[in-house]
Amino acid sequence: MDDFERLTAADVELMQHLAQRVTAVRPDLVNSDASLGELAWIWGKGHAREGGSWVRRLWFSGDVLVAWGWVALPHRVARGDGTVKDVTGAALTYQVHPDHGELVDEVIDWYDAVAAGVERTVVPSAADEYALGRWTAHGYGTDPAALGDTGSWTQLNRRDLDDVARPVLPDGFRFRTADEAGPRAAVRAHVDAWAPSTYTAEGYEGVRLTPPYRGDLHVLVEAPDGTMAASAIMWLDAANRTAQFEPVGTHPDHRRRGLGTAMLLHGMRLAREAGADHMTVACLGAPGHPGARGLYYGVGFREFTRDAPLIKSGAGTG
C-alpha cells in the first residue's frame, strides 16, 4: 500500500466504522479527533481546501479496518479575515483497535517516515497506557506548550440523556434547524462565532455531504433581528446510541445571555428523540480556558477522557 495516499471520503467512512467499534468496547480509548463526529466535521469542512496536505495509511485484518493514521503535513491556511497562517509541523490523528495494540508501533514508524525532518505532534488518549509507552519508546515526550495553563489539550465530556431540563430562551429568540434556516445562515452563524474562521460555503457543503450529518440535528438560535446568534451540530452514532456536539458557538454580541445553555439543552432533547441515550462534547481542558468547560458542566457534562499531547523534534526519525 502506498504510504502517501491521499485521504478520501471512502477512507473516512471506514475510519468512522472503526470509531464506532472502539466506542462499543473502550470508549475511553477513542483518540482526540478520531470519533465518528470529529472525523465527519474535520473532513467535511476541510478536505476541499486542505486535503492536499493530508496523507493516510490504513491497516486491515482481513477485510476489516483495525488501525489508521491521518497526517496533516506542513501547509498554509488562509483565514476569513485575510490573514494567513503557516503550519510548519506535522500532526497525526490515529486510532488502533484495542485488540490490535501491536500496530501502534507500525503507526509510529509510518508517521516518522512521512513527516521526517519536521516537528511532529500527536494526541493519544491519556487512558491508553500501552500506546503512551510505545510513543515514549519512539522518542516522543510530553508537549509542554500544549499542557500549559493556556495550552491546547482537550478533554472529552459526557452525560446521560435520561433527565434533560426544558430549555428557556430570552423573549424574541427561537430555535431553528439548518434545514429550516438554509446554508447561508448556517455558515454565517459559525463564522460569526469563530472569527477569524476558515469556514466557507464550500466547507459547509462538504459537511452536509459527510455522514452522519443531518440538517435536523444542526441547531441554531435566531435573534429577534434575524441574526443566527448561536449554532451547534450534533452527530448521531445510532449503533452506540450516542451523539456528539461539534462544533458549538455563540455570536460575540449575544454571549452571556443563556443562549448556549438553552441550545445545548434543546439539542440534547432532540438527540434523545433521535435515539441517543448519552451525549459527548469536547472542550479545551487547560485552566486558562474555563469558558466552554463551564458551559458544558453547567448543563450536566463531566470529564470522561482527556488528551495526552506528545511532541518530537524534527531531528529524530525513529
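Scroll up to find the structure.
To start, this report covers the structure provided alongside it. (Residues numbered from 1 in each chain as written. Predicted model: local features only at pLDDT ≥ 70, side-chain atom pairs only at ≥ 80, totals over all residues. Heavy atoms only, no water.)

So, the packing of helix 1 (residues 9-25) against helix 2 (residues 36-50)
Two elements in contact, helix 1 and helix 2, have axes whose closest approach is 8 Å; the angle formed by their N-to-C orientations is 160°. Relative to helix 2, the element helix 1 is oriented roughly antiparallel. Crossing of helix 1 against helix 2: the hand is right-handed. Contacts from Ala9, Val12, Met15, Gln16, Ala19 and Gln20 in helix 1 reach Leu36, Leu39, Ala40 and Trp43 in helix 2. Residue classes in the contact of helix 1 with helix 2 are distributed as eight nonpolar, two polar and no charged. (Axes fitted to C-alpha atoms, helices over the stretch in contact; angles between N-to-C directions. Helix = DSSP H or I, 4+ residues; strand = E, 2+ residues; numbered from the N terminus. Parallel < 35°, antiparallel > 145°, perpendicular 65-115°, else oblique. Left-handed = near helix turned anticlockwise from the far one by under 90°. Contact = heavy atoms within 4.5 Å. Nonpolar A, V, L, I, M, F, W, Y, C, P; charged D, E, K, R; others polar.)

Comments concerning the nonpolar core
Ranked by internal contacts, the top residues of the largest apolar core, which has 31 residues, are Met234, Phe245, Met268, Met279 and Phe301. When residues of this core are traced back to their parent elements, those giving at least two are strand 11 (218-222), strand 12 (228-237), strand 13 (242-250), helix 8 (259-273) and strand 14 (278-284). Looking at this core element by element, the count peaks at eight residues for helix 8. Not counting the four nearest positions on each side in its chain, Met279 is found in contact with Asn157, Arg158, Arg159, Leu161, Met234, Thr242, Ala243, Gln244, Phe245, Met268, Ala271 and Phe301. (Core = buried A, V, L, I, M, F, W, Y, C linked by side-chain atoms within 4.5 Å. Buried < 20%, exposed > 50% of the residue type's maximum accessible area, 1.4 Å probe, protein only.)

Comments concerning helix 2
Side chains of residues three or four places apart in an α-helix project in the same direction, reflecting 3.6 residues per turn. Taking 1.5 Å of rise per residue, the 15 residues of helix 2 would be expected to cover 21 Å, and the 20 Å separating its terminal C-alpha atoms lies within 8% of that figure. Maximal helix bending in helix 2 amounts to about 30°, located at Gly44. Burial in helix 2 covers these residues: Leu36, Gly37, Glu38, Leu39, Ala40, Trp41, Trp43, Gly44 and Gly46. (Expected span 1.5 Å × (residues − 1). Bend = angle between axes of the 7 residues up to and from the residue.)

Honestly, that's just the spatial picture; any functional story needs more than this.
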